[in-house]
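Letter by letter, the chains look like this.
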Amino acid sequence: GLIEQLKNENRFWSYDMDSIKYVSDDILIEKVFIYLDLKDIDKLFKILPFHVIKNCWKKHVIPLGPRYYSLNRFLAWYYFNIKNPGKYVKSIITHHINSMTR
């Protein structure tokens, strides 16, 4: 499964490997988007509801910032059918930054 692939690629380096039997949906979604390929992302959409994936992406992946800007633009366009992906990603980042300063 996806968790095993991530473990094999050492993407849980900060975790006790013996304790990784279950990870939260948010952690799984974030790691799959960042480290795995399209066929694995497609699997994610087969095992989790669309709205759960999209909410996690907006809350945890987009705020990772400029390093993942191109990835997030692609995800916005390809998976979430967002018409202006660059503008959308920037607006989520701005909203995240503003919510942190309140």
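A brief look at the structure comes next. All figures in this text were calculated on a predicted structure; none of them were measured in a lab.

The rules behind these values
Residues numbered from 1 in each chain as written. Predicted model: local features only at pLDDT ≥ 70, side-chain atom pairs only at ≥ 80, totals over all residues. Heavy atoms only, no water. Helix = DSSP H or I, 4+ residues; strand = E, 2+ residues; numbered from the N terminus. Buried < 20%, exposed > 50% of the residue type's maximum accessible area, 1.4 Å probe, protein only. Areas by Shrake-Rupley, 256 points an atom, 1.4 Å probe, with all protein chains shown as cover. Contact = heavy atoms within 4.5 Å. Salt bridge = Lys/Arg side-chain N within 4 Å of Asp/Glu carboxyl O. Phe/Tyr/Trp six-rings, centres within 6.5 Å; stacked < 30°, edge-to-face > 60°. Expected span 1.5 Å × (residues − 1).

### Details of the overall build of the protein
Reasoning step 1: On a plain count of helices and strands, the protein comes out with six helices and zero strands.
Reasoning step 2: A burial count over the protein gives 35% of its 102 residues as buried.
Reasoning step 3: Carbon together with sulfur atoms contributes 54% to the accessible area of the protein, which is approximately 6,600 Å² in total.

### Thoughts on the environment of Ile62
Reasoning step 1: Along the polypeptide, Ile62 turns up in the loop between helix H4 (50-61) and helix H5 (69-78).
Reasoning step 2: Judged by its relative accessible area of 0%, Ile62 falls in the buried class.
Reasoning step 3: Measuring from C-alpha to C-alpha, the distance between Ile62 and Leu75 comes to 9.9 Å, with 13 residues separating the pair along the chain.
Reasoning step 4: For Ile62, the contacting residues outside a window of four places in its chain are Trp57, Asn72, Tyr88, Val89, Ile92 and Ile93.

### What to know about the pattern of salt bridges
Pairing between side chains of opposite charge can happen when their charged atoms approach one another.
Reasoning step 1: Under the criterion given, the structure shown has three salt bridges.
Reasoning step 2: By sharing partners, the salt bridges in this structure join Asp37, Lys39, Asp40 and Lys43 into a single network.

### Quick look at the packing of aromatic side chains
Both the distance between ring centres and the angle between the ring planes are used here to describe each pair of aromatic rings.
Reasoning step 1: What the rule picks out here adds up to twelve aromatic pairs.
Reasoning step 2: Both rings, one in Trp57 and one in Tyr88, keep their centres 5.9 Å apart while their planes meet at 15°; by these two values the pair is stacked. You can see Trp57 sitting in helix H4 and its partner Tyr88 sitting in helix H6 (residues 85-100), a full 31 residues away along the chain. Comparing Trp57 with Tyr88, the two get one shared label, buried.
Reasoning step 3: Pairing Phe74 with Tyr79 gives two aromatic rings, centres 6.5 Å apart and planes at 90°, and the pair type is edge-to-face.

### A word on H6
Reasoning step 1: With 16 residues, H6 ought to run about 22 Å at 1.5 Å a step, and its terminal C-alpha atoms sit 23 Å apart, in line with that.
Reasoning step 2: Every buried residue of H6 is listed here: Pro85, Gly86, Tyr88, Val89, Ile92 and Ile93.
Reasoning step 3: Residues of H6 that are buried make contact with H4 and H5.

### Let's talk about the side chain of Asn72
Reasoning step 1: Tracing the sequence through the fold places Asn72 in helix H5.
Reasoning step 2: In this view, Asn72 contacts Trp57, Val61, Ile62 and Val89; residues no more than four positions away in its chain are not counted.

These figures capture arrangement, not role.
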